Amino acid sequence: MDISKRVVTVRAPVNIAVVKYWGKKDENSIVPLNNSISATLNIDDLCATTTIKASSESTEDQFWLNGQQQSIKENLRLSRCLETVRSIAKTKYDGPLLINSNNNFPTAAGLASSAAGYSCLVSALGAFFDIDDKKVLTKLARLGSGSACRSIYGGFVEWKAGTDHDSSFAEQIVDENHWSSLRVLILVLNDAAKEVSSTGGMKRSVETSKLLEYRAKAIVPERCQQMRTAILDQNFHRFAELTMKDSNQFHATCLDTYPPIFYLNQASKAVIELVHAFNDYHGKNKVAYTFDAGPNAFLFMEKDQMTTMLTLVNHFFPSEEPKLSQWKENFPHIDTGLIEALSKKLNIMPGCLKGHFLTQVGSGPEVKII
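Reading guide: rules and limits
Residues numbered from 1 in each chain as written. Predicted model: local features only at pLDDT ≥ 70, side-chain atom pairs only at ≥ 80, totals over all residues. Heavy atoms only, no water. Helix = DSSP H or I, 4+ residues; strand = E, 2+ residues; numbered from the N terminus. Rg over C-alpha atoms; globule rule 2.2 N^0.38 Å. Contact = heavy atoms within 4.5 Å. Areas by Shrake-Rupley, 256 points an atom, 1.4 Å probe, with all protein chains shown as cover. Lys, Arg positive; Asp, Glu negative; His and termini not counted. Charge placed at Lys NZ, Arg CZ, Asp CG, Glu CD. Pairing = 2+ DSSP bridges. Axes fitted to C-alpha atoms, helices over the stretch in contact; angles between N-to-C directions. Salt bridge = Lys/Arg side-chain N within 4 Å of Asp/Glu carboxyl O. Buried < 20%, exposed > 50% of the residue type's maximum accessible area, 1.4 Å probe, protein only. Phe/Tyr/Trp six-rings, centres within 6.5 Å; stacked < 30°, edge-to-face > 60°. Lys NZ or Arg CZ within 6 Å of the ring centre and 35° of its normal. Parallel < 35°, antiparallel > 145°, perpendicular 65-115°, else oblique. Left-handed = near helix turned anticlockwise from the far one by under 90°. Nonpolar A, V, L, I, M, F, W, Y, C, P; charged D, E, K, R; others polar. Expected span 1.5 Å × (residues − 1). Polar contact = N/O pair within 3.5 Å; in protein donor to acceptor, adjacent residues only side chain to side chain. Arc of directions from axis to C-beta.

Brief notes about the overall build of the protein chain
A count of helical and extended segments in the protein chain gives 10 helices and 16 strands. Compactness check: the protein chain gives a C-alpha radius of gyration of 21 Å against a globular reference of 21 Å for 370 residues, within 12% of the reference. The dimensions of the protein chain, computed from C-alpha atoms along their principal axes, are 65 × 45 × 40 Å. Here the contacts in the protein chain between residues at least 6 apart in sequence split such that 76% fall between residues at least 24 apart. Carbon and sulfur atoms make up 48% of the accessible area of the protein chain, which amounts to about 15,700 Å² in all. Of the side chains in the protein chain, 40 bear a positive and 40 a negative charge, and the two mean positions are spaced by 2 Å.

See the structure below:
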């Protein structure tokens, strides 16, 4: 096919880290301080969609994000991705490209929009220029947004920190079919753009937080090994413990940063209290929370806990959000003892829940070439 006639459309997923990436050894190549591990989420629930085609209407590349044209020249990461892809492409094409990208969820609100966006962009560029080596694609995606490299694969993925561009890449631990009973409930507690970007926050933490330095060297290597084992064994109790501890420590490094960074809000803290109270009631970890650089909660659980947790969320954080309201008629009766036990430890915060997504671990990017 004549490449100038080629049209590529890609959908790419969000991923949520259960062992966090925060801080870089190399700002230019986005080489992280430590390894990280994530779960790729179902592409049918949250995704970025990017279409790339040759442009006959312009003399330079053009890029649209969610319907708004963006300057490629002013976006160094975007322009670097384009330049690097062209430099290694099997099939050469130097003409201008028209790139249109959209997210089906809030952008810059701590829901990993950049991870989905850049993995989608790089996967689409790879398909357009005939680059099909996934390891190479993870390196290219990393140049746009570090965590994007993990969205090149489905299932659970580990980003190997490495020491330079060539040695820093992502690889799959298990595919999306390995732990099919796992579910993820995402609670959108604030859908506005965060005050401190991930890029700015990381730079500040690297410069000022001794806890971040200690975490990268002394904690994360062993934690990644423990997390890999928990995933391979499908040991939810251990997986949940490691996930919550790592989320807590990540946000502790944000507080240890100077000036401190506050990504969590009061609603986030209330969700944390709910999860711990629920697990304490059962004497075992049934649900796990994790928060990226934002206030929105990602709750992991087995499928059999899904309706119970939705019921508890509706009870303690009532919302008129349409999707959640549709569940009301299907909410099961919850043991009054559980409600009473949790009520003693929680503050009800009506109206704090802006929306939710119910999803599960899913596959990597989907490519369509016309």
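What follows continues from the structure just given.
Quick word on the sheet that holds strand E5 (residues 36–40)
The 4 strands are arranged E2-E5-E10-E11 in an open sheet whose pairing can be described as antiparallel. Looking at which strands have only one partner, the edges of the open sheet turn out to be strand E2 (15–19) and strand E11 (169–174). The mean inter-strand angle of the sheet, taken between neighbouring strand axes irrespective of direction, is 35°. Two elements, E2 and E5, share 4 bridges in a ladder whose sense is antiparallel. Looking across to E5, one finds that Asn15 is bridged to Thr40. Sheet strands in contact with helix H5 (residues 210–233) are E2, E5, strand E10 (156–160) and E11, and its direction is about 115° off that of E2.

Here we look at the pattern of salt bridges
In total, this model carries 19 salt bridges according to the counting rule given. Ionic pairing is found between Asp44 and Arg11, a salt bridge with its closest N-O pair at 3.0 Å. Of this pair, Asp44 sits in the loop between E5 and strand E6 (47–54) while Arg11 sits in strand E1 (residues 7–13); the two residues are 33 residues apart in sequence, bridging distant segments of the chain. The exposure class of Asp44 is exposed, given its relative accessible area of 54%. Overall, Arg11 belongs to the partly exposed group, its relative accessible area being 25%.

Some thoughts on the packing of aromatic side chains
Under the defined criterion, the tally for this structure stands at 12 aromatic pairs. Measuring from ring centre to ring centre gives 4.7 Å for Tyr21 and Trp159, while their planes differ by 65°; the resulting arrangement is edge-to-face. Pair noted here: Tyr21 is in the loop between E2 and strand E3 (24–26) and Trp159 is in strand E10, with a separation of 138 residues, a long-range link. Judged by centre distance (5.4 Å) and plane angle (65°), the ring pair of Trp179 and Phe239 falls under edge-to-face. On the criterion of sequence distance, the pair formed by Trp179 in the loop between E11 and strand E12 (182–188) and Phe239 in helix H6 (residues 236–256) is long-range, its members being 60 residues apart. For the pair shown, Trp179 and Phe239 are each scored as buried. Among the aromatic residues, ring-to-ring pairing joins Phe156, Trp179, Phe236, Phe239 and Phe300 into one connected group. Taking NZ or CZ as reference, Lys135 lies 4.2 Å from the ring centre of Phe169, over its face.

Looking at the packing of helix H2 (residues 113–128) against helix H3 (residues 134–144)
With their axes 9 Å apart at the nearest point, H2 and H3 run at an angle of 135° to one another. By the angle between their directions, the pair H2 and H3 is classed as oblique. At the point where H2 passes H3, the crossing takes the right-handed sense. Between H2 and H3, the contacting residues are Tyr118, Ser119, Val122 and Gly126 on the first element and Leu137, Leu140, Ala141 and Gly144 on the second. Classifying every residue of the contact of H2 with H3 by side-chain character gives 5 nonpolar, 3 polar and no charged.

A look at the sheet that holds strand E13 (residues 287–290)
What the 4 strands build is an open sheet, ordered E13-E14-E12-E15; its pairing is antiparallel. Single-partner strands in this sheet number two, and they are E13 and strand E15 (355–360). Ignoring strand direction, the axes of neighbouring strands in this sheet form an average angle of 20°. Relative to E15, E12 runs antiparallel, the two being bridged by 6 bridges.

Regarding the pairing of E12
Across the 7 residues that make up E12, a large majority, 7, are buried. Residues Leu182, Val184, Ile186 and Val188 of E12 are buried on one face, and the alternating residues Arg183, Leu185 and Leu187, pointing to the opposite face, are buried as well. Alignment of E12 against strand E14 (residues 297–302), held across 6 bridges, turns out to be antiparallel. For Ile186, the partnering residue across the bridge sits in E14 and is Phe298.

Here's the deal with helix H1 (residues 76–88)
Taking 1.5 Å per residue as the helical rise, H1 with its 13 residues ought to reach 18 Å, and the 18 Å between its terminal C-alpha atoms agrees with that figure. The set of residues buried in H1 consists of Arg77, Leu78, Ser79, Cys81, Leu82, Val85 and Arg86. Those residues of H1 hidden inside the fold are in contact with E3, strand E7 (62–65), strand E9 (97–103), H2, H3 and helix H4 (198–208). Two to three positions downstream of the cap, the backbone nitrogen of Arg77 sits 3.3 Å from a side-chain oxygen, assigning the N-cap of H1 to Asn75.

Overview of H4
Turning to H4, its buried residues are Gly201, Met202 and Ser205. Buried positions in H4, seen along its axis, are confined to an arc of 100° and lie on one side of it. On its buried face, H4 is in contact with E3, H5 and H6.

So, to be careful, I would describe these as geometric facts and stop short of saying anything about function.
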